[in-house]
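Remarks on the overall topology
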Amino acid sequence: MQSNKGDTSMEVEEAVPSETKVVSKPNFKPLKAHEISNGQVQFRKISVPKHRYTPLKKAWMDIYTPIYDQMKVDIRMNVKTRNVELMTRRDTPDVSNLQKCADFVHAFMLGFDVIDAVALLRMDELYVDSFEIKDVKTLKGEHLSRAIGRLSGKGGKTKFAIENSTKTRIVIADTKIHILGSFANIKVARDSLCSLILGSPAGKVYSKLRAVTARLAERF
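These remarks concern the structure in this document. Given the structure is predicted, the values throughout are model-derived calculations rather than measurements.

Parameters and conventions
Residues numbered from 1 in each chain as written. Predicted model: local features only at pLDDT ≥ 70, side-chain atom pairs only at ≥ 80, totals over all residues. Heavy atoms only, no water. Helix = DSSP H or I, 4+ residues; strand = E, 2+ residues; numbered from the N terminus. Contact = heavy atoms within 4.5 Å. Areas by Shrake-Rupley, 256 points an atom, 1.4 Å probe, with all protein chains shown as cover. Pairing = 2+ DSSP bridges. Axes fitted to C-alpha atoms, helices over the stretch in contact; angles between N-to-C directions. Parallel < 35°, antiparallel > 145°, perpendicular 65-115°, else oblique. Nonpolar A, V, L, I, M, F, W, Y, C, P; charged D, E, K, R; others polar. Phe/Tyr/Trp six-rings, centres within 6.5 Å; stacked < 30°, edge-to-face > 60°. Buried < 20%, exposed > 50% of the residue type's maximum accessible area, 1.4 Å probe, protein only.

1. Examining the overall build of the chain
Across its full length, the chain holds twelve helices and six strands. Pairs at least 24 apart in sequence give 59% of the contacts found in the chain among residues at least 6 apart. Summed over all atoms, the accessible surface of the chain reaches about 14800 Å², with 54% contributed by carbon and sulfur.

In structure tokens:
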């Protein structure tokens, strides 16, 4: 019986392979934009409001150059439909470039300067957040006018103070407010603007803003 057990153990040892083959991983090149969509052209359309048509004419080359040369996306103005049209090309390096360009043009249409909006092309963590005064508090007549006045301050002083301390850009277009920046910074700026809409004096908002921005600076 003992000899049989010894034979079976020897057989098991012989069955184990001595060397294991290492399989190399396949190395695929990244697909280009036109290859991902099977050669189909991807398209975006941004409508131009009436009041932004003249500024668009003046700043057209400043918008066209980074989109066409750097992002490798085709851009044209359709005068009949009053839309800015964007299209991918064969040499577009990434599909996300098309959406970045659309966000850039849309930010300009909302009222941001080209110098500020172009940051959307270069940084991934930036976006535009929009809300209306009536979303915070229902105001009418003179109360609404005073709220808009509190937001901008004398000569835009309050708006600039919030922009500089939170590293954001703010556009106040009638009752609509648009904020361009990173997620954390937009939240701080929005909280300050909401406090002003609700009736807080500018001095109180400044002091609260100083404390919050100091805390943000410590975190990073």
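What follows picks up the thread again.
2. Considering the sheet that holds strand 4 (residues 127-132)
One open sheet accounts for three strands, arranged 4-6-5; its pairing is antiparallel. In this open sheet, the two strands that pair with only one neighbour each are strand 4 and strand 5 (169-173). In this sheet, adjacent strand axes meet at a mean angle of 15° when their direction is disregarded. One ladder, built from six bridges, connects strand 4 with strand 6 (residues 176-181); its direction is antiparallel. The residue of strand 6 that forms the bridge with Tyr-127 is Gly-181.

3. Topic: the packing of helix 4 (residues 60-70) against helix 5 (residues 96-110)
Contact pair helix 4 / helix 5: the axes reach a minimum separation of 11 Å and the direction vectors enclose 170°. Of the possible angle classes, the one that applies to helix 4 and helix 5 is roughly antiparallel. Contacts from Ile-63, Pro-66 and Ile-67 in helix 4 reach Cys-101, Phe-104, Val-105 and Phe-108 in helix 5. Class assignment for the residues of the contact of helix 4 with helix 5 results in seven nonpolar, no polar and no charged.

4. Examining the packing of aromatic side chains
Within this structure, the stated rule accounts for two aromatic pairs. Aromatic pair Trp-60 and Tyr-64: ring centres 6.4 Å apart, planes at 35°, arrangement tilted. In this pair, Trp-60 and Tyr-64 are both assigned in helix 4, four residues apart and thus about one turn of the helix distant. Exposure remark for Tyr-64: the relative accessible area of 25% places this residue in the partly exposed category. On the numbers, 5.3 Å between centres and 10° between planes, the contact of Tyr-64 with Tyr-68 is stacked. Of this pair, Tyr-64 and Tyr-68 both sit in helix 4, four residues apart, roughly one helical turn.

All we've got here are geometric facts, nothing functional implied.
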